[in-house]
Amino acid sequence: MPKLISINSLDMQRSYIGAAQLDPHSMSVRRVAVQPLPASSPHGYWGTVTGKLKEMRKIFRFAKGNAVCSLPCDMAVVRALEAYRGEVGQREILRWELEAGLLGPIDEYVYDFYEVSSHGETEFRKYLAAAIREETLDGLRKALKGIKMKPNIIDIDLFAITRVFRQNYGDRLSGMSALVHGEPGCTKIIIVKDSVYVDHGVFDFESGKRDAVEYAEALMEGVDRLVSKNSDIAQGDVGIFLTGSLFMREQFAVAATSCIENCELLDPFKNLAFAVGLDGERLKTYAPQVAVAIGLALRGKEAE
């Protein structure tokens, strides 16, 4: 019998690293872990990540030498772009539009364009553009090299949530949903319909200085703004799903969800099994911090 190879995933956040390992054959979670990062370090962000990954490797038995990785969207430039369907040289047009919003020459970035559903629009083709500085990617590669691994796929955290939502909430895909990734200083919202990207937004929120009610108000303003902007697509109620380290604090999470209609914590393990010997209920305590990592592992399975 051939040896089963698991998929490693690493979610690089500003304040922690989320890790997961998925057995793609049995669709079971083999391991998850969260490694906190200090608020400041003389070694800089990537120097700190390198050291913490080496610590993780001692207790987290990574499989093979590759990992599906993500970066927080504030380390990237993500833009929605459009082009006429019949226009010649669309990639060059998109490249020009993307460069106009970058801080520096486009040659300093690695970028790509992904066509997404236009939700019935016939005149335009809709694209997502993602650009990451070369120096940021170099930092990630060097950090993984320190534990003898390579990033075989690099994604943005915001989009990995879409994959974990599609896996676990098949009965909710036909409507419009707001997937929320809340971190202590920054919250990211992605709106999806039929599990396909519609729009996204980001807002700052210092959770240490403001309470859950204020957060709920700020979140609903962000969601309402995105829904109104896409009113031609939005129909019916919008389901809101929360994840991210902001919701590790049970009291904050309960207070926030109680203030928002059609709102719940996203469960990344809902339709996944746990490997023999793992305490599933205990692992669920990490759910808000490893949802992105689980989504990355699922993407890794799709790419096999």
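Cut-off values and rules
Residues numbered from 1 in each chain as written. Predicted model: local features only at pLDDT ≥ 70, side-chain atom pairs only at ≥ 80, totals over all residues. Heavy atoms only, no water. Helix = DSSP H or I, 4+ residues; strand = E, 2+ residues; numbered from the N terminus. Rg over C-alpha atoms; globule rule 2.2 N^0.38 Å. Buried < 20%, exposed > 50% of the residue type's maximum accessible area, 1.4 Å probe, protein only. Areas by Shrake-Rupley, 256 points an atom, 1.4 Å probe, with all protein chains shown as cover. Lys, Arg positive; Asp, Glu negative; His and termini not counted. Charge placed at Lys NZ, Arg CZ, Asp CG, Glu CD. Pairing = 2+ DSSP bridges. Phe/Tyr/Trp six-rings, centres within 6.5 Å; stacked < 30°, edge-to-face > 60°. Arc of directions from axis to C-beta. Contact = heavy atoms within 4.5 Å. Core = buried A, V, L, I, M, F, W, Y, C linked by side-chain atoms within 4.5 Å. Salt bridge = Lys/Arg side-chain N within 4 Å of Asp/Glu carboxyl O. Patch = residues over 30% accessible without salt bridge, like charges linked within 9 Å, V, L, I, M, F, W, Y side chains within 5 Å. Axes fitted to C-alpha atoms, helices over the stretch in contact; angles between N-to-C directions.

S.K.: Describe in detail the overall build of the chain, supporting the description with residues and values.
M.R.: Secondary structure assignment for the chain yields eight helices and 14 strands. Relative to the 2.2 N^0.38 estimate, which gives 19 Å for 304 residues, the radius of gyration of the chain is 19 Å and therefore close to what a compact globule would have. Expressed along its principal axes, the backbone C-alpha trace of the chain runs to roughly 55 × 50 × 45 Å. Split into buried and exposed, the 304 residues of the chain put 53% on the buried side. Total accessible area computed for the chain in this model is approximately 14,700 Å², and 49% of it derives from carbon and sulfur atoms. A distance of 10 Å separates the average location of the 37 positive side-chain charges in the chain from that of its 41 negative side-chain charges.

S.K.: Could you give an account of the sheet that holds strand β8 (residues 150-156), with specific residues and numbers?
M.R.: Read from one edge of the open sheet, six strands run β8-β4-β1-β2-β3-β14, paired in mixed fashion. Both outer strands of the open sheet, β8 and β14 (273-274), are each paired with one neighbouring strand and no more. Across eight bridges, the pairing between strand β2 (residues 16-23) and strand β3 (residues 28-36) is antiparallel. Looking across to β3, one finds that Asp-23 is bridged to Ser-28.

S.K.: Tell me about the packing of aromatic side chains, and name the residues and values.
M.R.: This model, assessed by the stated rule, comprises 14 aromatic pairs. Between Tyr-45 and Trp-46 the ring centres are 4.8 Å apart and the planes differ by 75 degrees, which places this aromatic pair in the edge-to-face class. Within the aromatic cluster, the residues linked to one another by ring pairs are Phe-203, Phe-205, Tyr-215, Phe-247 and Phe-252.

S.K.: Break down helix α6 (residues 250-258) for me, with residues and values.
M.R.: Phe-252, Ala-253, Ala-256 and Thr-257 are the residues of α6 that are buried. Seen from one end, α6 has its buried residues packed into an arc of 120 degrees, which puts them on one side. Along α6, the residues that are exposed and aim more than 90 degrees away from the buried face are Glu-250, Gln-251 and Ser-258. Each element contacted by the buried residues of α6 is listed here: α5 (212-229), β12 (238-243) and β13 (263-265).

S.K.: So what's going on with the nonpolar core? Which residues, and what values?
M.R.: Ranked by internal contacts, the top residues of the largest apolar core, which has 64 residues, are Leu-10, Met-12, Val-49, Leu-53, Leu-144 and Ile-294. Here Val-49 is in contact with Met-12, Ile-17, Leu-37 and Ala-143, once residues within four sequence places are set aside. Counting 27 residues, the second largest nonpolar core, distinct from the first, contains Ala-178, Phe-203, Phe-205 and Ile-260.

S.K.: So what's going on with the pattern of salt bridges? Which residues, and what values?
M.R.: Oppositely charged side chains can pair when the atoms bearing their charge come close. Going through the model one piece at a time under the given rule, you end up with 14 salt bridges. A salt bridge links Glu-55 to Lys-52, with the nearest nitrogen and oxygen atoms 3.8 Å apart. Separated by three residues within a single helix, Glu-55 and Lys-52 lie in helix α1 (residues 44-59), roughly one turn from each other. Between Asp-155 and Arg-299 there is a salt bridge whose closest N-O contact spans 3.3 Å. Placement of Asp-155 in strand β8 and of Arg-299 in helix α8 (residues 287-303) is noted, with a sequence separation of 144 residues between them.

S.K.: Run through a negative patch on the surface, naming residues and quoting values.
M.R.: A contiguous patch of negative charge, built from Asp-211, Glu-214, Glu-217, Glu-221 and Asp-224, is present on the exposed surface. Residue placement: Glu-217 occurs in helix α5.

S.K.: Outline the sheet that holds strand β10 (residues 186-193), supporting the account with residue identities and numerical values.
M.R.: Taken in spatial order, the five strands make up an open sheet running β11-β10-β9-β12-β13, and their pairing is mixed. In this open sheet, the two edge strands, each paired with only one partner strand, are β11 (196-204) and β13. The sheet shows a mean angle of 20 degrees between the axes of neighbouring strands, direction not considered. Of the pairings in the sheet, the one linking β12 to β13 comprises three bridges and is parallel in character.

In short, shape yes, function no, at least from these values alone.
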